[in-house]
Amino acid sequence: MRQAGWRWPEAAVRRLSRVVFASLAMLLAVLVGGCQWSSFSIVGVGISDAVWSSDGWVYYLREEASEGRQLWRQPPRKGSGELVLDQSAAKSVCRGGTFHFLYQSSSGGLGVAVICDSSTRTELLNYSEGGRRLEPFISHPSVPFLGDAFFVDGGSAGYAEVARECGMAVLPFVDGKLEESDFAMTVGGNSFRIGGVNVGCESVARARSPIVLDGKLFFLIPDSRGEASASSPKALDEVGWLLVQWDPEVRESTIIAEIPGIADLATNGQDIVVAVHSRGEGGGVWSVDPIAGELSRIVDVGDAWHPSFSPSGKEFVYIKGLNRLEFDSLPA
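Residues numbered from 1 in each chain as written. Predicted model: local features only at pLDDT ≥ 70, side-chain atom pairs only at ≥ 80, totals over all residues. Heavy atoms only, no water.

Caption draft 1: Geometry of the layout of surface pockets. Its volume calculated, the largest pocket comes out at about 640 Å³. As for the largest pocket, its lining consists of 37 residues, and the residues nearest its centre are Gln-104, Phe-150, Ala-266, Thr-267 and Ser-308. Secondary structure elements with two or more residues in the lining of the largest pocket: α1 (8-18), β1 (46-52), β5 (98-104), β10 (146-152), β16 (208-213), β20 (263-267) and β24 (304-309). Looking at the lining of the largest pocket, its residues break down into 17 nonpolar, 15 polar and five charged. (1 Å grid on protein atoms, 1.4 Å probe; cavity = no way out; pocket = protein on both sides within 12 Å on 5 of 7 lines; lining within 4 Å. Points joined across faces, edges and corners; volume = space filled by probe spheres on them. Helix = DSSP H or I, 4+ residues; strand = E, 2+ residues; numbered from the N terminus. Nonpolar A, V, L, I, M, F, W, Y, C, P; charged D, E, K, R; others polar.)

So this is what it looks like as structure tokens:
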């Protein structure tokens, strides 16, 4: 999806959740009822990238073919959504600006990624509730094409999902700048490079959805250990995925758990939830013990996307079928 020459599988999966028009999102959505707190469902509209902000609102990107991608929000568990910023706000950021994805800042606020210049770079910005406007996130926010981002330590450090020739890779942000850090990892006896430097696709992992917990990086890779053998979206849907922990201090990796499909990660600083949207039977939201590696299904639905914890860390929101917000909480 992201760059010319890209291989189809991983790129297509990410694009469905970020860029594709609502008509295509509807083909993939499972238009059925949901949990007791469901409060948003509009036929013909696709939504993505839920973020439960510290200001108490749940923000998301809303799209339909006639309007393009817009920034919306709604109160948790009740009410309906309202428009916050339309396409003009993204276009004012850069040439051809389009809302790309949302992320939670290290302070719990809302971060907005705008894609620019024919999908060749990404601008990272903060959303200001006071003026309903976008503000620069870091002194030099323009970075290569991204698929996701996670920040800690006041927003100057973190990790990003970055486009590479052979798939998505994970690179660190240091002092607000994206660094080339192609560390080698060994998982299950196979070695590969998580940074995705083009040293041969057979040694590059399709890494995705980075989060940080207790100073350690967590991310997902296919159970093929990154081998470029899958040639269709269906192949990646059917393969298992691995939740991997990388400790940057000792430069060691550990497989935490096997995940039953393509997924997105979220953390409240203590727990990890995994929203699975594969075509198999593992769809839904799972809780993962980051130490013991035990999985527990919290929500059993057809597909779940883009989870985000509440400011208290006890509840979370996710997107069901790319067309409705759903709310739930961690088990007591």
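Caption draft 2: Focus on the pattern of salt bridges. Taken as a whole and judged by the stated rule, the model has 13 salt bridges. In this structure, Arg-69 and Glu-63 form a salt bridge, with 3.5 Å as the shortest nitrogen-oxygen distance. The buried category is assigned to Glu-63, whose relative accessible area is 9%. Through salt bridges with shared partners, a single network forms among Arg-73, Glu-82, Glu-129 and Arg-132. (Salt bridge = Lys/Arg side-chain N within 4 Å of Asp/Glu carboxyl O. Buried < 20%, exposed > 50% of the residue type's maximum accessible area, 1.4 Å probe, protein only.)

Caption draft 3: Representation of the sheet that holds strand β22 (residues 284-288) in the model. With antiparallel pairing, the four strands of this open sheet are ordered in space as β20-β21-β22-β23. Sheet topology places β20 and β23 (295-299) at the edges, where each strand pairs with a single neighbour. Geometrically, the sheet is characterised by an average inter-axis angle of 30° between neighbouring strands, direction not taken into account. Of the strand pairs in this sheet, strand β21 (residues 272-276) and β22 are connected by five bridges, and their pairing is antiparallel. (Pairing = 2+ DSSP bridges. Axes fitted to C-alpha atoms, helices over the stretch in contact; angles between N-to-C directions.)

Caption draft 4: Representation of the confidence of the model for the protein in the model. Averaged over every residue, the pLDDT of the protein is 78; residues scoring 70 or more account for 72%. Of the regions scoring below 50 in pLDDT, residues 1-43 engages in 125 contacts with residues more than four places distant in sequence or in other chains. Per-residue pLDDT stays below 50 along residues 225-231; that stretch engages in 22 contacts with residues further than four places along the chain or on separate chains. (pLDDT = per-residue confidence, 0-100. Contact = heavy atoms within 4.5 Å.)

Caption draft 5: Spotlight on the state of the cysteines. Summed over the entire model, instances satisfying the criterion amount to one disulfide. Put simply, Cys-94 and Cys-116 are joined by a disulfide, and their sulfur atoms are 1.8 Å apart. Across the S-S bond of Cys-94 and Cys-116 the torsion is about -80°, and the bridge reads as left-handed. Taken together, the positions of Cys-94 in the loop between α3 (87-91) and β5 and Cys-116 in strand β6 (residues 110-116) put the pair 22 residues apart, joining distant regions of the chain. (Disulfide = S-S within 2.5 Å.)

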